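# Observations on the three-dimensional arrangement
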Amino acid sequence: MARIHRAAFRADRAWSQAEFAQLLTGFGVRSFALEDGFALGRQVLDESELLTIAVHPVAQGRGIGHRLVNLWLADASQGGATRAFLEVAADNHPARQLYAAHGFRETGRRAGYYGRDGDASVDALLMSRALPDGAGPESPVRASKTG
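This is a predicted model, so every value here is computed, not measured.

## Notes on the overall build of the protein
For the protein, the count of helices and strands is four helices and seven strands. Moving toward the C terminus, one meets the helices and strands of the protein in the order α-α-β-β-β-α-β-α-β-β-β. Each of the 147 residues in the protein was classed as buried or not, and the buried ones make up 43%. Long-range contacts, defined as pairs at least 24 residues apart, comprise 60% of the intrachain contacts of the protein with a sequence gap of at least 6. Total accessible area on the protein is roughly 8000 Å²; 50% of this is exposed by carbon and sulfur atoms.

## Side note on the nonpolar core
Counting residues in each nonpolar core, the largest one holds 30 residues, and the members touching the most others are I53, L68, W72, L86, Y99 and F104. Taken together, the elements giving at least two residues each to this core come down to β1 (29–34), β3 (47–55), α3 (64–78), β4 (83–89), α4 (93–101) and β6 (119–130). If you tally residues by element for this core, the top one is α3, at seven residues. Residues A2, F38, L40 and A54 belong to the second largest nonpolar core, which totals 10 residues.

## Considerations on α3
Helix length check: α3, at 15 residues, gives a terminal C-alpha distance of 21 Å against a target of 21 Å (1.5 Å per residue), a fit within 8%. Here α3 lies mainly inside the structure; 12 of its 15 residues are buried. Inspection of α3 places I64, G65, L68, V69, N70, L71, W72, L73, A74, D75, A76 and S77 among the buried residues, and these make up the whole buried set. In the core, the buried residues of α3 are packed alongside β1, β2 (37–44), β3, β4, α4 and β6. Downstream of α3 by one or two residues, G80 has phi in the positive range, about 95°.

## Observations regarding the packing of α3 against α4
In the contact formed by α3 and α4, the axes pass within 10 Å of each other and the chain directions differ by 45°. Looking at the two axes, α3 sits oblique to α4. Here α3 and α4 pass one another in a crossing that is right-handed. Between α3 and α4, the contacting residues are G65, H66 and V69 on the first element and L98, Y99 and A101 on the second. Its residues assigned to classes, the contact of α3 with α4 shows four nonpolar, two polar and no charged.

## Let's talk about the pattern of salt bridges
Inspection of the entire model under this criterion finds five salt bridges. In this structure, the salt-bridge partner of R30 is D75, at a minimum N-O distance of 2.5 Å. One end of the pair, R30, is in strand β1; the other, D75, is in helix α3, with 45 residues separating them in the sequence. Both residues of the pair, R30 and D75, belong to the buried class. Close ionic contact of R109 with E106 constitutes a salt bridge, the shortest N to O distance being 3.5 Å.

## Some points on the packing of aromatic side chains
As enumerated under the stated definition, the model contains five aromatic pairs in all. A centroid spacing of 5.4 Å and a plane angle of 50° characterise the contact between W15 and F20, whose relative ring orientation is tilted. The interplanar angle of 80° and the centroid separation of 5.5 Å between the aromatic rings of F20 and F38 together place this pair among those described as edge-to-face. With a gap of 18 residues between them, F20 in helix α2 (residues 17–23) and F38 in strand β2 connect regions that are remote in the sequence. F20 gets classed as buried once you look at its relative accessible area, which sits at 3%. Taken together, the ring pairs connect W15, F20 and F38 into an aromatic cluster. Over the ring of Y113 we find R110; its NZ or CZ atom is 5.5 Å from the centre of that ring.

Rules used throughout
- Residues numbered from 1 in each chain as written.
- Predicted model: local features only at pLDDT ≥ 70, side-chain atom pairs only at ≥ 80, totals over all residues.
- Heavy atoms only, no water.
- Helix = DSSP H or I, 4+ residues; strand = E, 2+ residues; numbered from the N terminus.
- Buried < 20%, exposed > 50% of the residue type's maximum accessible area, 1.4 Å probe, protein only.
- Contact = heavy atoms within 4.5 Å.
- Areas by Shrake-Rupley, 256 points an atom, 1.4 Å probe, with all protein chains shown as cover.
- Core = buried A, V, L, I, M, F, W, Y, C linked by side-chain atoms within 4.5 Å.
- Expected span 1.5 Å × (residues − 1).
- Axes fitted to C-alpha atoms, helices over the stretch in contact; angles between N-to-C directions.
- Parallel < 35°, antiparallel > 145°, perpendicular 65-115°, else oblique.
- Left-handed = near helix turned anticlockwise from the far one by under 90°.
- Nonpolar A, V, L, I, M, F, W, Y, C, P; charged D, E, K, R; others polar.
- Salt bridge = Lys/Arg side-chain N within 4 Å of Asp/Glu carboxyl O.
- Phe/Tyr/Trp six-rings, centres within 6.5 Å; stacked < 30°, edge-to-face > 60°.
- Lys NZ or Arg CZ within 6 Å of the ring centre and 35° of its normal.

Next comes the structure, spelled out in structure tokens:
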């Protein structure tokens, strides 16, 4: 996960192997893995948050991100979540398009949240959407549950 995250997030500080190991032991954290990509979500009661999603740059543009979002949303819905939310850097246009394609809409903004080396900081956009009851387009592949 750390290797893919580092390759996918060159403009940001990538998460370390130790950070992933600690996060994966957290309450309600779920991981979804496909070749060259993964997503981490956390569900608490009826809300599910996308913590991170990463696709290795050599595999981007092949629909892996869409499949990972589908896996996360299906799992969240099947787990009883009624709302899904995430945050994304305002300058991450491919991710914003991905989330919009899955029905996410901007619900808030954190000014200057993401620092950029040598550049001005970037706002975080808060996005959310409602989830249907217990239905999803794809069942989880290699999903693991912690907590």
